[in-house]
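Observations on the model geometry
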Amino acid sequence: MQKRSFLQGTLLAATLLSGLPLHAQSVDAPTVVRNYAALVSANYQDVLTSAQTLQKAIGALAASPSAQGLEDAKKAWLAAREFYGQTEAFRFYSGPIDDDNGPEGRLNAWPLDESYIDSVPGKPKAGIVNNLKVKINKATLSKLNERGGEENIAAGWHAIEFLLWGQDQSDTGPGNRSFEDFVDGKAPNADRRRTYLTVVTELLIDDLSFLVKAWAPGAKNYRAKFEQGGIQSVRKIIVGMGSLSRGELAGERLEVAMNTQDKEDEHSCFSDNTHRDVVANAQGIENVWLGSYKRLDGSMLQGASLKDLVAAKNAALADKVSKQIAQSVANATAIQAPFDREIMGAKDAPGRVRVQKTIDSLVQQSKDITEAAAALGITKLAQAK
């Protein structure tokens, strides 16, 4: 084992006593950016892997529909969503997910008009499934996604969710679609419903594969350019965190639902998985801030972080941001299922109090993130092209 010099030993001891990570003493923008890129790559790869497990379950369901097969597909969808939700901190700066050609609108758009896809109570012949003139393939579903209105969602996580669970007609649980909807002779156009589910999942895999390639190491891709971006790439990282914190998560996903008290405004309304969506989003922000990520296989990715970079300028501020982000994760975790019951009632109803605490924490968090950016000399956070 190589011996340390007296100076190295002194510096090591000082670092340990300071409570700072070993790399915090020499952290700079390029090292933070490279670790972020590695984190993004790992997260998207885990989403793809878990979505491929979902694809296998859906393939089995389509081949031989059964109650157990439908349950297996639902479980695989829920498992994959845990990892996708964490990736949403990588949005909002015109990266591969949501630049002009990005697949975000085809992956995760919502809310969804169920009758655009399939029959619903009172509309037995509604939707693409029941329109025999529409050929169901990836090109068609991609073309029809958001065609004629932003709620005309034909593809993505929530289209798959609706096909697996059906409409949520219950106040106490999720949708309750029967596996017989996929059985010939038991439901109209069951063959087209099976085809739709299979094809829309293939499209999901294609879009996730595109993102994995965009962030893959050692290639001439978006990641290669991003890693050369220095402080501008740091700005993009912060824009992603801040935009998800305030505008998207606190605003679109929580405040809107709190104001309308309408289950149609919750993110994963068919599966009643919205409470987990909120936690995954909050966790994704914390992952980026701390430069760490727990992988699908249980291993930990850890490296130079945004926190380290800010701590080098203002240790107290970095600590304040860390505590606020951790509080947001804790508050999000306290939200109970089903989310559509949490948002009901008077202002002081326990569920509404839990959701409001999460909103308030996320709003404060976004302000703290803005202060952290200023400490790094970054002030323009509106857009990050």
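Small disclaimer: the values here were computed from a predicted structure and weren't measured.

Counting its regular elements, the protein chain contains 14 helices and 2 strands. Seen along its three principal axes, the alpha-carbon backbone of the protein chain occupies a region of about 80 × 50 × 40 Å. For the protein chain, with 385 residues in total, the buried portion stands at 52%. Intrachain contacts of the protein chain at a sequence separation of at least 6 include 74% that bridge at least 24 residues.

Within the element layout of this structure, E266 appears in the loop between α9 (230-260) and α10 (274-290). The class for E266 is buried, based on a relative accessible area of 1%. Sequence separation between E266 and R253 is 13 residues, and the spatial gap between their C-alpha atoms is 6.6 Å. Beyond its immediate chain neighbours, meaning those up to four positions away, E266 contacts W110, D272, T274, F339 and D340. Within polar-contact distance, the side chain of E266 engages the side chain of T274 at 2.6 Å.

In this structure the tally under the stated criterion is 23 salt bridges. E88 is paired through a salt bridge with R91; the nearest N and O atoms lie 2.9 Å apart. Taking the relative accessible area as the measure of exposure, E88 reaches 1% and is therefore buried. Here R91 falls in the buried class, since its relative accessible area comes to 9%. Ionic pairing is found between R177 and D181, a salt bridge with its closest N-O pair at 2.8 Å.

Before going further, it helps to examine the packing of helix α3 (residues 67-86) against α10. Across the interface, α3 lies against α10 with an axial gap of 7 Å and an inter-helix angle of 40°. By the angle class used here, α3 and α10 are oblique. Seen from above, α3 lies across α10 with right-handed handedness. Contacts between α3 and α10 involve R81, E82, G85 and Q86 from the first element and R276, D277, A280, N281, Q283, G284 and N287 from the second. Looking at the contact of α3 with α10, its residues break down into 1 nonpolar, 6 polar and 4 charged.

With 26 residues, helix α14 (residues 350-375) should reach 38 Å at 1.5 Å per residue; the first-to-last C-alpha distance of 38 Å fits that figure. Looking one or two residues beyond α14, the residue adopting positive phi is G377, at roughly 85°.

Before going further, it helps to spend a moment on α10. In this model, α10 (17 residues) spans 24 Å end to end at C-alpha, consistent with the 24 Å of a helix rising 1.5 Å per residue. G291 occupies a position one or two residues after α10 and carries a positive phi of about 65°.

With that settled, consider the side chain of R81. Mapped onto the fold, R81 is located in helix α3. Looking at R81, the relative accessible area reads 2%, which means it is buried. Those residues in contact with R81 that lie beyond four places of it in its chain are N108, W157, H158, H267, S268, N273 and D277.

The subject of this paragraph is the packing of helix α2 (residues 29-63) against helix α7 (residues 190-214). Packing of α2 against α7 leaves a shortest axis separation of 10 Å and a crossing angle of 165°. One way to sum up the angle between α2 and α7 is to call them roughly antiparallel. α7 is crossed by α2, and the crossing has left-handed handedness. Counted together, Y44, Q45, V47, L48, A51, Q52, L54, Q55, I58, L61 and A62 of α2 and R194, L197, T198, T201, E202, L204, I205, L208, S209, L211 and V212 of α7 form the full contact between these two elements. Here the residues of the contact of α2 with α7 sort into 14 nonpolar, 6 polar and 2 charged.

Further remarks concern a negative patch on the surface. A grouping of E146, E150, E151, D262 and E264 is seen on the molecular surface, where their side chains present a negatively charged patch. Following the sequence through the fold, E151 ends up in the loop between α5 (138-144) and α6 (157-165).

This brings us to the environment of R177. Within the secondary structure layout, R177 lies in the loop between α6 and α7. With 107 residues separating them in the primary sequence, R177 and L70 have C-alpha atoms 9.1 Å apart. When near neighbours in sequence (up to four residues on either side) are disregarded, R177 contacts L70, D118, F162, L163, L164, W165, G166, F182 and R193. Among the polar contacts made by the side chain of R177, one reaches the main-chain carbonyl oxygen of L163 at a distance of 2.7 Å. Engagement of the side chain of R177 in a polar contact is seen with the side chain of D181, the distance being 2.8 Å.

The predicted model of the protein chain has a mean per-residue pLDDT of 92, with 93% of residues at 70 or higher. The low-confidence segment residues 1-24 (pLDDT under 50) makes 18 contacts with residues lying over four places distant or belonging to another chain.

Before going further, it helps to examine the packing of aromatic side chains. Ring pairs (aromatic) are described by centroid distance and by the angle formed between their planes. Tallied over the entire structure, the rule returns 12 aromatic pairs. Centroid distance Y36 to W215: 6.1 Å. Interplanar angle 75°. Geometry classified as edge-to-face. Of the two residues, Y36 sits in helix α2 while W215 sits in the loop between α7 and α8 (222-226), which places them 179 residues apart along the sequence. Comparing Y36 with W215 shows no difference in burial state: the two are buried. Seen from their ring centres, W77 and W157 are 6.4 Å apart, and the 75° between their planes marks the pair as edge-to-face. Of the two residues, W77 is situated in helix α3 and W157 in helix α6; the sequence distance between them amounts to 80 residues.

What counts as what
Residues numbered from 1 in each chain as written. Predicted model: local features only at pLDDT ≥ 70, side-chain atom pairs only at ≥ 80, totals over all residues. Heavy atoms only, no water. Helix = DSSP H or I, 4+ residues; strand = E, 2+ residues; numbered from the N terminus. Buried < 20%, exposed > 50% of the residue type's maximum accessible area, 1.4 Å probe, protein only. Contact = heavy atoms within 4.5 Å. Polar contact = N/O pair within 3.5 Å; in protein donor to acceptor, adjacent residues only side chain to side chain. Salt bridge = Lys/Arg side-chain N within 4 Å of Asp/Glu carboxyl O. Axes fitted to C-alpha atoms, helices over the stretch in contact; angles between N-to-C directions. Parallel < 35°, antiparallel > 145°, perpendicular 65-115°, else oblique. Left-handed = near helix turned anticlockwise from the far one by under 90°. Nonpolar A, V, L, I, M, F, W, Y, C, P; charged D, E, K, R; others polar. Expected span 1.5 Å × (residues − 1). Patch = residues over 30% accessible without salt bridge, like charges linked within 9 Å, V, L, I, M, F, W, Y side chains within 5 Å. Areas by Shrake-Rupley, 256 points an atom, 1.4 Å probe, with all protein chains shown as cover. Lys, Arg positive; Asp, Glu negative; His and termini not counted. Charge placed at Lys NZ, Arg CZ, Asp CG, Glu CD. pLDDT = per-residue confidence, 0-100. Phe/Tyr/Trp six-rings, centres within 6.5 Å; stacked < 30°, edge-to-face > 60°.

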